[in-house]
2 protein chains.
Amino acid sequence: MGISERKEREREEMKTMITTAAMKMFLEDGYAKTSIRNIADAIEYSPGTIYLYYKDKDELLFEVQAQAYLKLLAAFKQNVTSTDLLERLEQLGKTYVSFGLANPELYDLMFIIRAPTNVDKEVHGDNGHDTLTYTISLIEECIQAGLLIFKDVNQAALQIWSMAHGLVSLNLRCRLKVMIPEEASVPEILHKAIEEYLLSIRA
Amino acid sequence: MGISERKEREREEMKTMITTAAMKMFLEDGYAKTSIRNIADAIEYSPGTIYLYYKDKDELLFEVQAQAYLKLLAAFKQNVTSTDLLERLEQLGKTYVSFGLANPELYDLMFIIRAPTNVDKEVHGDNGHDTLTYTISLIEECIQAGLLIFKDVNQAALQIWSMAHGLVSLNLRCRLKVMIPEEASVPEILHKAIEEYLLSIRA
DNA sequence: AAATGTACTGAACACTGTTCAGTAATTCCA
DNA sequence: TGGAATTACTGAACAGTGTTCAGTACATTT
């Protein structure tokens, strides 16, 4: 009775087919501008079919978010190579900023768009948990080694993430054009900001 | 020939009637959930009429943004009262955070939503210019008095604003629940973060 | 009083997310 | 193997969106 197994497999294939198309289109045109009908067209199915696999556009977003967090984690693991803890933290920060600038639409749907509300956190995992853990662990190591001015890990993570997110998101929303000279390279300036900030929180 | 003057006056009244209704509804339900038809209903006109006064929903957003920036500036002027420069900076930061937490939908439309793209910056003024100038002036004073570690005003403003915006926006988007204990008071924690940050950038 | 100009309407267009009766194919069971 | 049951999929329909525009009614000018 391998039929139900095959069906289950086919169902999963269909789901990944949908999310793959969605991911591609979200990346290119953004979440808001990608419609269910567009996705359906892309995979050559009718719009109704998508709702047999995902109950909402929100659930689709949630799925793509999960992939995006993995992508970010992969970028962390690839770029955070130093053995020096503070250097690692700097590599992490710069990777975060670069990721945001290189994948604006992805960053948007991960951190700027309103989080999906209709999704059971019971059914689906907590999105981005591993990526967050990776980051917090590094910060904790730095604190325990007495390298940072912070005492509390949560306060430290809160501040460091806020700074990084602030830099990226204000830039993506063109809210800090005024503060950045016309001719300047944005990535360079943001990386410099990260460097300076990390210097200022050294113990 | 006072007729054209009266007409011009009536036109302005109509425009403020529209933006006032829009502001109210944006504040209550947010920009996205407020439709042109809803606004038209509220002021008892047909949807088409609104387009005789504003060419877009974007232009309406732009107008409301301008008011919102003035509201923030007013909050600054009310709360930034100290004579000590660094204290003033702290009051500014805390006012910013409080403003964001108290007016989430307004903060959203000011800094998180995609900026209106179809609006001539030639015709309409540069939104929030005064508010930004107010902020940058204070930072510049601090730097010139040698109170901060920064040399460049733009870099300083970039970082300070990014931190504040990061704190507020991550919180509004429920992205930092993980880092904030369940029972904790969010405003308190964010204010503490501002305090700590300002300490870390003191010369 | 007639002609011109202005302000406003509301139906229509093209889109959106979502639902659901109906159809076609597949699997199950006798 | 043939008929019943299950499953997968469709596409029209619903209620909503921003936006446009022919048509109307009123105000102003001549």
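What you are looking at is a predicted structure, and each value in this text was computed from that prediction instead of being measured. (Residues numbered from 1 in each chain as written. Chains lettered and ligands numbered in written order. Predicted model: local features only at pLDDT ≥ 70, side-chain atom pairs only at ≥ 80, totals over all residues. Heavy atoms only, no water.)

Before going further, it helps to spend a moment on the protein's contact with DNA strand D. The environment of DNA strand D is made up of 20 residues, and the closest members are Thr49 and Tyr53 of chain A together with Arg6, Arg37 and Tyr51 of chain B. A share of 60% is what sugar and phosphate atoms reach among the atoms of DNA strand D within 4 Å of the protein. A distance of 2.9 Å separates a phosphate oxygen of DNA strand D from a polar atom in the backbone of Ile36 of chain B. Within the side chain of Tyr51 of chain B, an N or O atom sits 2.7 Å from a phosphate oxygen of DNA strand D. (Near = heavy atom within 4 Å. Polar contact = N/O pair within 3.5 Å; in protein donor to acceptor, adjacent residues only side chain to side chain.)

This paragraph deals with the UniProt feature "DNA-binding region" (unreviewed entry) in chain A. In the numbering used here, UniProt assigns the feature "DNA-binding region" (unreviewed entry) to residues 35–54 of chain A. Taken as a whole, residues 35–54 of chain A contains 55% helix and 0% strand, while its terminal C-alpha atoms sit 14 Å from one another. (UniProt positions renumbered as here; feature names shortened; annotations may be inferred. Helix = DSSP H or I, 4+ residues; strand = E, 2+ residues; numbered from the N terminus.)

Before going further, it helps to examine the protein's contact with DNA strand C. Close to DNA strand C lie 20 residues, the nearest being Arg6, Arg37 and Tyr51 of chain A together with Thr49 and Tyr53 of chain B. The sugar-phosphate portion of DNA strand C accounts for 61% of its atoms within 4 Å of the protein, the bases making up the rest. A distance of 2.9 Å is found between a phosphate oxygen of DNA strand C and a backbone nitrogen or oxygen belonging to Lys57 of chain A. Within the contact set of DNA strand C, a base nitrogen lies 3.4 Å away from a side-chain nitrogen or oxygen of Arg37 of chain B. Counting only elements with at least two residues in the surface near DNA strand C, the list comes to helix H1 (3–29) and helix H2 (36–42) of chain A together with helix H3 (47–50) of chain B. The residue makeup of the surface near DNA strand C, split by class, is 7 nonpolar, 7 polar and 6 charged. (Nonpolar A, V, L, I, M, F, W, Y, C, P; charged D, E, K, R; others polar.)

Residue and element names in this part refer to chain A. Under the criterion given, the structure shown has 17 salt bridges over all chains. The closest approach of N and O atoms between Glu28 and Lys24, which form a salt bridge, is 3.7 Å. With Glu28 and Lys24 both in helix H1 and 4 residues apart, the pair spans about one turn of that helix. Lys24 carries the same exposure label as Glu28, and that label is exposed. (Salt bridge = Lys/Arg side-chain N within 4 Å of Asp/Glu carboxyl O. Buried < 20%, exposed > 50% of the residue type's maximum accessible area, 1.4 Å probe, protein only.)

Turning our attention to the environment of Tyr69 of chain A. Mapped onto the elements of the fold, Tyr69 of chain A is located in helix H4 (residues 57–79). Judged by relative accessible area, Tyr69 of chain A falls into the buried class, the value being 8%. C-alpha of Tyr69 of chain A to C-alpha of Lys24 of chain A: the two residues are 45 residues apart in sequence and 15 Å apart in space. For Tyr69 of chain A, the contacting residues outside a window of four places in its chain are Met110, Phe111, Asn127, Gly128 and Thr131 of chain A together with Arg175 of chain B. (Contact = heavy atoms within 4.5 Å.)

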